[in-house]
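Next come the chains, spelled out residue by residue.
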Amino acid sequence: MSKFVEFLKEINTPAAQYANEMENIIFQDPSSAIVKARKFAETILNEVFSIEKIEEPYIKSFYEKVSYLTKEEYIKRETQKSLDTIRMVGNKAAHPGQQNDLADAYKLHREMYNIAVWFYEVYSDSEKQVKVPVYETPQLPKQENVEELIQQKISELLGKQGGQNISVGNDNQPVIEKVIEGEKPDILNKDLEEGQSYLLREIRRLKDSSQEAIENANQFSHFKEYLHVDRKVQLDLEKVLEENLSKDQGSLVLLCGNVGDGKSHLLAYLKEKKPWLIENYTIFNDATESFSPGKDAMQTLEETLNEFSDQKLSTAKGRVILAINMGVLHNFISTNHERYTYESLKKFIDDSKLFTPKITTHFSKGSFDLLSFGDYHSYELTESGPISTFYSSLLEKITRQSEDNTFYLALREDEKNGVKTMVQENFRLLHNKVIQEQIVNLIVQSIVKKKLVISARAFLNLVADILLPDKISNINLMSQFDMLEDSLPNLLFNRTERSDILRALGELDPLHCRSNHIDQLVIDLNTLSEWDSIIDENIKDEIPIKWLKSFISNETLMGYSFNLFFETFIRITYLTNKKFASNIADNSYLAYVKNLYNFNKGERMGVRTFYDEMKSAIFKWKGSPKKDYIYLNKPSEKFRLAQKINLRPTIEHLNHNTNDILESFKSTILIAYHDGIKGNEIFLEIDYPLYNLLTKVREGYRPNKKDEEDAIKFVEFIDKLMAFGDKQTELLVFFKADQRFYSIKRDDVFGAFVFERESNYIV
């Protein structure tokens, strides 16, 4: 008798008897063992009804009892999942002709344990509670002469992993690439113990906590080389360095950006792949090498750049590449230094417009070159919407079926060794090009809406997060519900606590969308008994269809179980079905990126339409009694004052771009109005949150105090616009008490003010 059964005898003897019988026959007759598991669960349910004194004569079936206990909150999510798993698998076993194998029996044994632990913790005497034994899988009886066929079946079931959690030894240690001169190193080191997962090990190398994630300008491993994707900033830097090869003068190349934007990775790449471009340069990386003991950042930089000071610049021969963060550079040129002055460098940076809203990808003049990583975006703008060659290329590399792809080789090795977990399932699902496209779309949305900076390192860490569940188990021993919880769609939207990226993606969860299409799916799932047609019609990938097959038969789900199925179904549909995703898309976001494209490309008709929309938003934000009139004071005051204002837009600050795909662009929309006098422009920078708010205002939404606080720049912009109005010559006055309008006008001839009643307007 197992420790599990011994422990169970103390709290429910009949249930313990069923558990014991189940363990005794699990290898010889798995189908009967499954029936015993169902009997066990029914016994526990009956005991709960007895203890709680629940007298509901019409509640008789297993389903009805679980449904009642769930609705009345006697049981929580995990317990209901275990009971539903036993009910569903047990229903199949009770019907003649159904095939049931050892895998189902093993799953139910674990669910029986979960139910027993819950029952013990809730209903046993708390003062007499003892330590619950750790779960153990059923073991073959020693006294029995077990047939070779059974042994083979166990091996197939457990995949040589003993039914336990799978590990890879040192969690985050990278594979050490041993290279013997003249030999090509093995891409995948096959050095794990039997039953361990190579794919799990390789994907863990993508995580931030992995040593592979530590950028070093002096190292560029094969792993990083394979994942490297050419970017425009790299190509521009190579062009600058090639042009400087023929120059007989000093050269200072500034790589300006922020932490984690890829400066170190780029330098390591050039050292490894194109060393002739930088062999004559001294490289300083402000994140590591630019700080000396006993000196602060400014003193170190002054020493590093002294050859490019005003005193030495004319005779400079040295060549320096300085990777520097924007804030450090700004402080340096704004500081008065003790030994040298840097006015020439300061003027160069001022001329580059680095610290202005103007786009500065790269700028060269004399001995100075500058590349601004912040103006090289990780996505591109197109007429049909944003794309990201960078993120798409990274996903393509990870999933490419190629002999130089360590992830592909690892998957193939796991398949050969019979390693089966949700890691392999999720990785296969990631091969779907539509899913890759949807993930990239979500990432770009996060960047636009939340102003996230998502470096290659952060993106690769995200890939690991959506592929690796917290607990890695043999898939044959997982319940259908556990598989859904550990699936890529749920890991993508349910892990909001792990990172800012996943928090942003959680807000983009399709479950948050209010849509007739989603409402119809809810109706269909609640009214149709057979779900196979709904699943086949909406989900466009065989892997998740396979996950959901257990729920296609005439099984009734309720409560937490139904919610898990429905949430997973919607998320899978969203990721695999482009038409469905398009139907529930965020129209405000789509309109914003379309306008962003128009402004950066200089599309006059699109820009004009946008200005019309903004004019409407401005007047509705303040309120307007009639066309071209805008209120000056708040609605809470005794009477309202309105002035006439003529908003004159200007587009002189816009550039015309002939490219269809925009790689360098301003990531916000810049509008401007003037009062008819050149140079009297007032500018407003519109990001997505402000655009979304103004869109709602145009549709009738009235901003509250928090909206005004969040949109403080817009409020200040309107205050400046008010100076362009005609309040010096005419005002409209609205008296709330008698709901009447009056005008105050200056007489053109005598200059006196005329006060007269006006016809009523719409307030």
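In what follows, the accompanying structure is described. Worth saying up front: this structure is predicted, and the values here are computed from it rather than measured.

Rules behind the numbers
Residues numbered from 1 in each chain as written. Predicted model: local features only at pLDDT ≥ 70, side-chain atom pairs only at ≥ 80, totals over all residues. Heavy atoms only, no water. Salt bridge = Lys/Arg side-chain N within 4 Å of Asp/Glu carboxyl O. Helix = DSSP H or I, 4+ residues; strand = E, 2+ residues; numbered from the N terminus. Buried < 20%, exposed > 50% of the residue type's maximum accessible area, 1.4 Å probe, protein only. Pairing = 2+ DSSP bridges. Axes fitted to C-alpha atoms, helices over the stretch in contact; angles between N-to-C directions. Contact = heavy atoms within 4.5 Å.

1. What to know about the pattern of salt bridges
Then, in step 1: The full count for this structure, using the stated rule, is 40 salt bridges.
Then, in step 2: Its salt-bridge partner being Arg38, residue Glu42 comes within 3.3 Å of it at the nearest N-O pair. One end of the pair is Glu42 and the other is Arg38, both in helix H3 (residues 30–51) and four residues apart, which spans about a single turn.
Then, in step 3: Using a relative accessible area of 25% as the deciding quantity, one classes Glu42 as partly exposed.
Then, in step 4: Where Asp465 meets Lys207, a salt bridge forms, and the shortest distance between an N and an O atom there is 3.3 Å. Within this pair, whereas Asp465 is found in helix H19 (residues 456–467), its partner Lys207 is found in the loop between helix H8 (198–204) and helix H9 (222–227), the two being separated by 258 residues in sequence. Per residue, the accessibility class of Asp465 equals that of Lys207, and both read buried.
Then, in step 5: Where salt bridges share partners, they join Arg77, Glu78, Lys81, Asp482 and Glu485 into one cluster.

2. Things to note about the sheet that holds strand S3 (residues 319–325)
Then, in step 1: With mixed pairing, the five strands of this open sheet are ordered in space as S2-S3-S1-S5-S4. Looking at strand neighbours, the two that pair on one side only are strand S2 (282–285) and strand S4 (362–365), the edges of this open sheet. Taking the axes of each pair of neighbouring strands and ignoring which way they run, one obtains an average angle of 10° across the sheet.
Then, in step 2: In the sheet, strand S1 (residues 251–257) pairs with S3 via seven bridges, with the strands oriented parallel. In the sheet register, Leu255 faces S3, and the bridge partner there is Ala323.
Then, in step 3: Packing against the sheet, helix H11 (residues 263–273) makes contact with S1, S2 and S3, and its axis sits at approximately 155° to S3.

3. Quick notes on the pairing of S4
Then, in step 1: As paired elements, S4 and strand S5 (residues 368–372) share four bridges and run antiparallel to each other. By the bridge assignment for S5, Lys365 is matched with Phe368.

4. Considering the environment of Ile321
Then, in step 1: Mapping Ile321 onto the fold places it in strand S3.
Then, in step 2: Ile321 sits in the buried class, given a relative accessible area of 0%.
Then, in step 3: Placed 39 residues apart in sequence, Ile321 and Thr282 show a C-alpha to C-alpha distance of 6.2 Å.
Then, in step 4: Residues contacting Ile321, with those up to four places away along its chain left out, are Leu241, Val253, Leu255, Leu267, Ile278, Tyr281, Thr282, Ile283 and Phe284.

5. Looking at the pairing of S3
Then, in step 1: Here S3 lies mainly inside the structure; seven of its seven residues are buried.
Then, in step 2: Sheet topology note: the S2/S3 ladder contains four bridges and is parallel. Residue pairing in the sheet places Thr282 in a bridge with Val320 of S3.

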